[in-house]
Each structure stands twice: as structure tokens, then as C-alpha cells.
Amino acid sequence: MSGLGSPLPQLTIKGKRISVPIVQGGMGVGVSLHPLASAVAREGGVGIISSACLDRLVSRRTGKRLTTYEATYDEVSLSKAAGGYAGINIMVALVKDYENSVKGAIDAGADVIISGAGLPLGLPAIQPPKDTALIPIVSSARALEIICKKWERLGYRPDATVLEGPLAGGHLGFKIDSIDLESNRLDRLLPPVKDMAMKYGDFPIIVAGGIYTHGDIARFLKMGADGVQMGTRFLATEESSASPAYKRAVIDAKEEDIIVAHDPGSPCGLPFRIIKHSPMYVSALRRARAPKCDKGYVLLKDADGNFSRCIARESNEHAFCICNGLLSSAGYNPEKEEPLYTVGTNAFRVDRIVPVKALMDELTGKAALCTS
Ligand SMILES: Cc1cc2nc3c(=O)[nH]c(=O)nc-3n(C[C@H](O)[C@H](O)[C@H](O)COP(=O)(O)O)c2cc1C
Ligand code: SF4
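Presented here is a report on the structure given in the accompanying data block. (Residues numbered from 1 in each chain as written. Chains lettered and ligands numbered in written order. Predicted model: local features only at pLDDT ≥ 70, side-chain atom pairs only at ≥ 80, totals over all residues. Heavy atoms only, no water.)

So, about the site of ligand 1. In the region of ligand 1, 23 residues are neighbours, and Glu164, Gly210, Gln229, Gly231 and Thr232 sit closest. Thr232 places a polar side-chain atom, nitrogen or oxygen, 2.6 Å from an oxygen atom of ligand 1. A total of 610 Å² of accessible area belongs to ligand 1 in isolation, and the protein chains cover 97% of it. (Near = heavy atom within 4 Å. Polar contact = N/O pair within 3.5 Å; in protein donor to acceptor, adjacent residues only side chain to side chain. Areas by Shrake-Rupley, 256 points an atom, 1.4 Å probe, with all protein chains shown as cover.)

What follows concerns the nonpolar core. Core analysis: the biggest nonpolar cluster contains 104 residues, and Ile22, Val207 and Phe234 have the highest contact counts within it. Dropping the residues within four chain positions of it, Phe234 is found in contact with Ile22, Gln24, Met27, Leu36, Val40, Ser240, Leu359, Met360 and Leu363. (Core = buried A, V, L, I, M, F, W, Y, C linked by side-chain atoms within 4.5 Å. Buried < 20%, exposed > 50% of the residue type's maximum accessible area, 1.4 Å probe, protein only. Contact = heavy atoms within 4.5 Å.)

Overall, the coordinates contain 19 salt bridges when judged by the stated rule. In this structure, the salt-bridge partner of Arg188 is Glu182, at a minimum N-O distance of 3.7 Å. Given a relative accessible area of 44%, Arg188 falls into the partly exposed group. For the salt bridge of Arg248 with Asp252, the shortest nitrogen-to-oxygen distance reads 3.1 Å. Here Arg248 and its partner Asp252 are both found in helix H10 (residues 244-252), four residues apart, which amounts to about one turn of the helix. A residue is classified by how much of its surface remains accessible, and Arg248, at 47% relative accessible area, is partly exposed. Members of the salt-bridge network, linked through shared partners, are Arg289, Lys292, Asp294, Lys295 and Glu337. (Salt bridge = Lys/Arg side-chain N within 4 Å of Asp/Glu carboxyl O. Helix = DSSP H or I, 4+ residues; strand = E, 2+ residues; numbered from the N terminus.)

Turning our attention to the packing of helix H1 (residues 34-42) against helix H3 (residues 68-80). Where H1 meets H3, the axes come as close as 7 Å, and the angle between the chain directions of the two elements is 35 degrees. Here H1 and H3 pass one another in a crossing that is right-handed. From H1, His34, Pro35, Ala37, Ser38 and Ala41 reach across to H3, where they touch Glu75, Leu78 and Ser79. Broken down by class, the residue content of the contact of H1 with H3 amounts to four nonpolar, three polar and one charged. (Axes fitted to C-alpha atoms, helices over the stretch in contact; angles between N-to-C directions. Left-handed = near helix turned anticlockwise from the far one by under 90°. Nonpolar A, V, L, I, M, F, W, Y, C, P; charged D, E, K, R; others polar.)

Close contacts around ligand 2 come from Pro267, Cys293, Lys295, Gly296, Val298, Leu299, Cys310, Ala312, Arg313, Cys321, Ile322 and Cys323, and that covers them all. Of all elements in the fold, only helix H12 (311-314) and helix H13 (322-329) reach the threshold of two or more residues within the shell around ligand 2. Each residue belonging to the shell around ligand 2 can be placed in one class, and the counts come to nine nonpolar, one polar and two charged.

Okay, the pairing of strand E5 (residues 85-89) next. Across the five residues of E5, four count as buried, placing the element largely inside the fold. Alignment of E5 against strand E6 (residues 112-115), held across two bridges, turns out to be parallel. Across the sheet, residue Ile88 finds its bridge partner in E6, namely Ile113. Crossover handedness for the path E5 to helix H4 (residues 98-107) to E6: right-handed. (Pairing = 2+ DSSP bridges. Right-handed = clockwise from strand over helix to strand, strands pointing away.)

On to unusual backbone geometry. Negative phi values dominate among residues other than glycine, just as trans dominates among peptide bonds. Cis geometry marks the peptide bond from Gly28 to Val29, where omega comes out at 5 degrees. The topology assignment puts Val29 in the loop between strand E3 (22-24) and H1. Here the bond from Asp263 into Pro264 is cis, since omega is 5 degrees, no more than 30 degrees from zero. Tracing the sequence through the fold places Pro264 in the loop between strand E12 (258-261) and strand E13 (272-275). Even without being glycine, Cys53 reaches a positive phi, approximately 60 degrees. Along the polypeptide, Cys53 turns up in the loop between strand E4 (46-50) and helix H2 (54-62). On the basis of relative accessibility, which here comes to 4%, the residue Cys53 falls in the buried class. Unlike most non-glycine residues, Asp202 shows phi in positive territory, near 55 degrees. Looking at the element boundaries, Asp202 is found in the loop between helix H7 (186-199) and strand E10 (205-208).

The analysis is restricted to geometry; functional conclusions fall outside its scope.
Printed below as a string of C-alpha cells:
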């Protein structure tokens, strides 16, 4: 630990002034729910819930069987209830629930919808977003240009964009063999993405992936970013809804334990960063789990238009069952299914679980800084 840090500037998105330019990244399944999002919002940042499997998670919490729309509405409302700015992360890969998640979030007054794991090309066309900012996640200037061109035709311009580099947790927007390229380092990706944002209307850039300390945040803001999005640090908070075993696995993880899974990997087809001891992954390596599709969140349409395609449905040889693995790591049916622990590259630096307030004080430079 060392001294205090310099104050951070505010971040403005769609006319809303956010006093702390830190967005807590959406973490599915069930890691970032309203307890975490509202705690971050109260501290002046942007709290983000994840849309993944919300119908099941909120139905269990409330004891009522809720639709995706209702569960989203409920969880977004609770995230905003204690004040501050809060929104939702909705993954494009969750095709079946995508539109209802967007509608529930807008109707509940989400401050932002952040959408990636695929290109959110049709997002502005789902429903007029009113005061909700629409924010695509990209990993390159090229992806941002494709989105801007498509959204232009829909009469919309991104309210901001998240630029996520290859050190992030969750799904990665890079091919497996390009993750370690120098040219894909976040600081190298930022200038062309900033130029692209200028070209399409000068909207804010929020950088993500591997940002860990107050010093990291200050460095990226100096390079031209307007804000940062952070996942792993918020995973290791008291308010995160990761199971106690998940939090323990993060604390215990060493640098060499954090790998990018791809074969077996996520049935979504994107590289996925995990702790290699995750029981669901170990079982996939051993071909030990009998495939069973009883959740269906990442199903795609077949040739007849029915939602039935997922490569983990028939075999767990090349893909693990991500729905059950991640639900288990959020404490949903852990006795029935093994957990899968996704983390960012820096998870090995986490050595304790802290309350959000203490973390935000550290990240904003108000409290003694972490230098590990
Ligand atoms: C446990 C966990 C779950 C995540 N889930 C999602 C998700 O559901 N959707 C998404 O777009 N990003 C997801 N991410 C990425 C984060 O939102 C964030 O952008 C990323 O983790 C930033 O990198 P960092 O962890 O190094 O701070 C997840 C990250 C983690 C660690
Ligand atoms: S096989 Fe598993 S990962 Fe694929 S949709 Fe079904 S429950 Fe989800």
C-alpha cells in the first residue's frame, strides 16, 4: 500500500454526469446482481447487473415464476432503488432472451444497456431507448465502425462504447491465436477506436480488461479514455453474488492457474478465460459429464427456425455446458452441477474479499492505494 491518488474526472453519458468514471462490468451468470450494482451506484460509479439467466435467478429470489422481461424489470429497479446510476449488460449470444431483456431494462429506466459477446447490430431498433444509453462492447475499431454504420441507418449513434482488450474475464472478442499479440494490447487498441468514435460523433470510450489499480485508471484516462470498466476487482467484493467457493478460488488462484479455454470451450464459440481447476472444465477435459440441455440460454435457431442448436447439447468433448457451470458458480443448484469460474487475467493478484466502499475508495484514490 502507498499514499493517496489524484482525483478522477467525471464521466458524462447521454447527458448524465457520473461522478466516478468507473463502470462495474456486468458479470454473468449471477455474479453482478442488484446488491453489487446498487453498491457501486451509491459510491458514484455505474453499477451493472448481468442479464444472463435472470429469469431463473430472480424467480428463485422472489419465489414467483417470472418471465425474462419481468425479472429484468425487477432487478434493474432494485439496482437503482438506492440512488446513483445503474444498468445492465445484455449479451448478444443470449439470442433467445435478448429482446425481452432489452425491453425490460428500458421500461425499468436502466441508465445504460451495455451489449457485447457478438455485435449488437439491431439494439436501437428493439424499442425507443428513452433515457437509457445504448453502449456496444467492441474489441477493435473495425467492429465499432460496423456497428456505427448499421446504427446510423437506424437513426442512432452509440452513447458510448466499451473497448474490451484481451486481458478481460468472461468471453473475449479475439481469436485464440491473436490474444497475446502486441497489436491487441489495450493501449494499442485505444487510439484507433478513439479516432473512430470521433468520426461517428465523439462519444465516450470506456476501456476494459486488466485494469486493476488507481494508477491503471489514471494512466488510461491520460491516454484518452473517458472511463474504465472493471470486472475482476468487483467479483472479489462482499456484495458480489459469486458463491463463497468461487470467491475462495479467486483468492487461491495463481498466475499459471488462469487460462483461456477454447477446446473444450464455451459453446458460444468465443475464447473464455477461466481458472483451470474449475470442476466443470476439469470434467470436460476428462469427458466425464454426460451432456444434458436443461437450461437452453445459448441455444441458436436450427434450419427450421426452432431454438435447438448448442454444441454442448450433444457432447461435452469440445464445449462445456456454460449455462449449468456458471449457474452453479453463482450458487444455483451447486449440488447438481459443477461450477465454472471465469476471471480476468489479474485475478491472481486478489488476496482478499473487500466491501465495495473500500474498493471504490481505493480505486478513486481516496484511500491508501493497492500497489500489488
Ligand atoms: C466473473 C465475470 C463474468 C463476466 N460476465 C460478463 C458478461 O456476462 N457479459 C459481458 O459482456 N462481460 C462479462 N465479463 C467481462 C466484464 O464485464 C469486464 O468487462 C471484464 O472483466 C474487465 O476485465 P477485468 O476483469 O480485468 O477488470 C465478465 C467478467 C468476469 C470476471
Ligand atoms: S447444452 Fe448447456 S450450455 Fe448449451 S444451451 Fe443447453 S444448458 Fe446451455
